[in-house]
Amino acid sequence: MEESSINAVVGVALSRAELEAQLELGVRRFESCGFDGEDLSRLELQGCVFDRCTFTDTILFACKLAGTHWLRCRAGGADLESVDAVDARFDACDLNNSKWRRAKLASAAYHGCKLTGASFEEAAHLGIHFEECLLVGADLRGFSFRKAILKELDFSDAYLAGCDFREALFEGGSLRSATLKLAKFQGADLRGANMEGLKLTEPGLFKGATISLAQAAGFLQEMGLAVR
């Protein structure tokens, strides 16, 4: 097993038992390591750093991930149900189709991540931060983004029922064809967002929000009205 120092493991595939052994030795940094398909349920990984590691289809159920840092990791299909990832940070990670049901994500941060198809059902998310992320088709029902600055977030086809976007500022990004049933947008500035494909099936959905003239024309066209 290649080790760059007593506190780092580099370039190997690790089973659960091997990971536990490294943790007991005080190792908290893993670089280019593979954990694909492993069952790592309930491990205590607080404060660990994972750099360019792979967790494809890995089970991380109820793991302690508080304060962890994930850089350029690939974790497509990973099961992170009930994890404690308070203050965790994810940078440039591929987290497509990952599952975060009932996870504790207070003050967690996702920067430049792919979260297409990710599920955040019943996640505790006070203070969570997304920036420049793909959330296409993600399940974020009931999330609060109130007063948040939403920078380049692609919510295309996402399930956003019951989300709170009041007084939020959209800097780029997209709500294209998203499900917005019972969402709140009062005071939101939507002028920077792509809103193509949205249908105004709920009266007053965007009441009190600010949209551009081009967006308003698009809504009228969706209603079958000619804009000249």
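What you are looking at is a predicted structure, and each value in this text was computed from that prediction instead of being measured.

Quick word on the sheet that holds strand β3 (residues 49–51)
Here is step 1 of the chain: What the seven strands build is an open sheet, ordered β1-β2-β3-β4-β5-β6-β7; its pairing is parallel. Each of the sheet's edge strands pairs with one partner strand only, and the pair in question is β1 (8–10) and β7 (129–131). With strand direction ignored, the average angle separating the axes of adjacent strands in the sheet is 5°.
Here is step 2 of the chain: Bridge analysis of strand β4 (residues 69–71) against strand β5 (residues 89–91) gives three bridges, and the strand direction is parallel. From the neighbouring strand, Trp-70 faces β5, where its bridge partner is Phe-90.

Examining the environment of Leu-23
Here is step 1 of the chain: Tracing the chain through its elements places Leu-23 in helix α1 (residues 16–24).
Here is step 2 of the chain: Between the C-alpha atom of Leu-23 and that of Asp-57, which follows or precedes it by 34 residues, the distance is 22 Å.

Side note on the state of the cysteines
By definition, a disulfide links two cysteine residues through a covalent bond between their sulfur atoms.
Here is step 1 of the chain: Inspection of every chain in the model, using the stated rule, returns zero disulfides.
Here is step 2 of the chain: Among the cysteines around Cys-113, which has no disulfide bond, Cys-93 carries the closest sulfur, lying 4.8 Å off.
Here is step 3 of the chain: Classification of Cys-113 by relative accessible area gives buried; the value is 2%.
Here is step 4 of the chain: Looking at the unpaired Cys-133, the closest cysteine sulfur is the one in Cys-113, lying at 4.8 Å.

Observations regarding the side chain of Asp-189
Here is step 1 of the chain: Along the chain, the position of Asp-189 falls in the loop between β9 (169–171) and α2 (213–222).
Here is step 2 of the chain: With relative accessibility at 16%, the residue Asp-189 sits in the buried group.
Here is step 3 of the chain: In contact with Asp-189, other than residues within four places in its own chain, are Ala-168, Leu-169, Phe-170 and Thr-210.

Here's the deal with the pattern of salt bridges
Here is step 1 of the chain: A complete count under the given rule lists 16 salt bridges for this structure.
Here is step 2 of the chain: One salt bridge in this structure joins Arg-89 and Asp-91, with 2.7 Å as the shortest N-O distance.
Here is step 3 of the chain: Arg-89 sits in the partly exposed class, given a relative accessible area of 35%.
Here is step 4 of the chain: A salt bridge links Glu-167 to Arg-146; the nearest nitrogen and oxygen atoms lie 3.6 Å apart. Linking Glu-167 in the loop between β8 (149–151) and β9 with Arg-146 in the loop between β7 and β8, this pair joins segments that are 21 residues apart in sequence.

A short note on α1
Here is step 1 of the chain: Buried within α1 we find Leu-19, Gln-22 and Leu-23. What you see down the axis of α1 is that its buried residues fit within an arc of 100°, all on one side. Residues of α1 that are exposed and angled more than 90 degrees away from the buried face: Ala-17 and Glu-24.
Here is step 2 of the chain: Against β1 and β2 (29–31) lie the buried residues of α1.
Here is step 3 of the chain: Directly after α1, the chain includes Gly-26, whose backbone phi takes a positive value near 95°.

A look at the confidence of the model for the protein
Here is step 1 of the chain: Residue-level pLDDT values for the protein average 93, and 93% of them are 70 or greater.
Here is step 2 of the chain: Per-residue pLDDT stays below 50 along residues 1–5; that stretch engages in eleven contacts with residues further than four places along the chain or on separate chains.

Comments concerning unusual backbone geometry
Here is step 1 of the chain: Look at Asn-97: it is not a glycine, yet its phi comes out positive at around 60°.
Here is step 2 of the chain: Position of Asn-97 relative to the elements: it lies in the loop between β5 and β6 (109–111).
Here is step 3 of the chain: Phi at Asp-157 is positive, roughly 60°, even though this residue is not glycine.
Here is step 4 of the chain: Assignment of secondary structure puts Asp-157 in the loop between β8 and β9.

Notes on the layout of surface pockets
Here is step 1 of the chain: What the largest pocket holds in volume is close to 190 Å³.
Here is step 2 of the chain: The wall of the largest pocket is formed by 13 residues, among which Gly-127, Ile-128, Ser-144, Phe-145 and Ala-148 lie closest to the centre.
Here is step 3 of the chain: Mapped by element, the contributors of at least two residues to the lining of the largest pocket are β7 and β8.
Here is step 4 of the chain: A per-class count over the lining of the largest pocket returns eight nonpolar, four polar and one charged.

Quick notes on the rules
- Residues numbered from 1 in each chain as written.
- Predicted model: local features only at pLDDT ≥ 70, side-chain atom pairs only at ≥ 80, totals over all residues.
- Heavy atoms only, no water.
- Pairing = 2+ DSSP bridges.
- Helix = DSSP H or I, 4+ residues; strand = E, 2+ residues; numbered from the N terminus.
- Axes fitted to C-alpha atoms, helices over the stretch in contact; angles between N-to-C directions.
- Disulfide = S-S within 2.5 Å.
- Buried < 20%, exposed > 50% of the residue type's maximum accessible area, 1.4 Å probe, protein only.
- Contact = heavy atoms within 4.5 Å.
- Salt bridge = Lys/Arg side-chain N within 4 Å of Asp/Glu carboxyl O.
- Arc of directions from axis to C-beta.
- pLDDT = per-residue confidence, 0-100.
- 1 Å grid on protein atoms, 1.4 Å probe; cavity = no way out; pocket = protein on both sides within 12 Å on 5 of 7 lines; lining within 4 Å.
- Points joined across faces, edges and corners; volume = space filled by probe spheres on them.
- Nonpolar A, V, L, I, M, F, W, Y, C, P; charged D, E, K, R; others polar.

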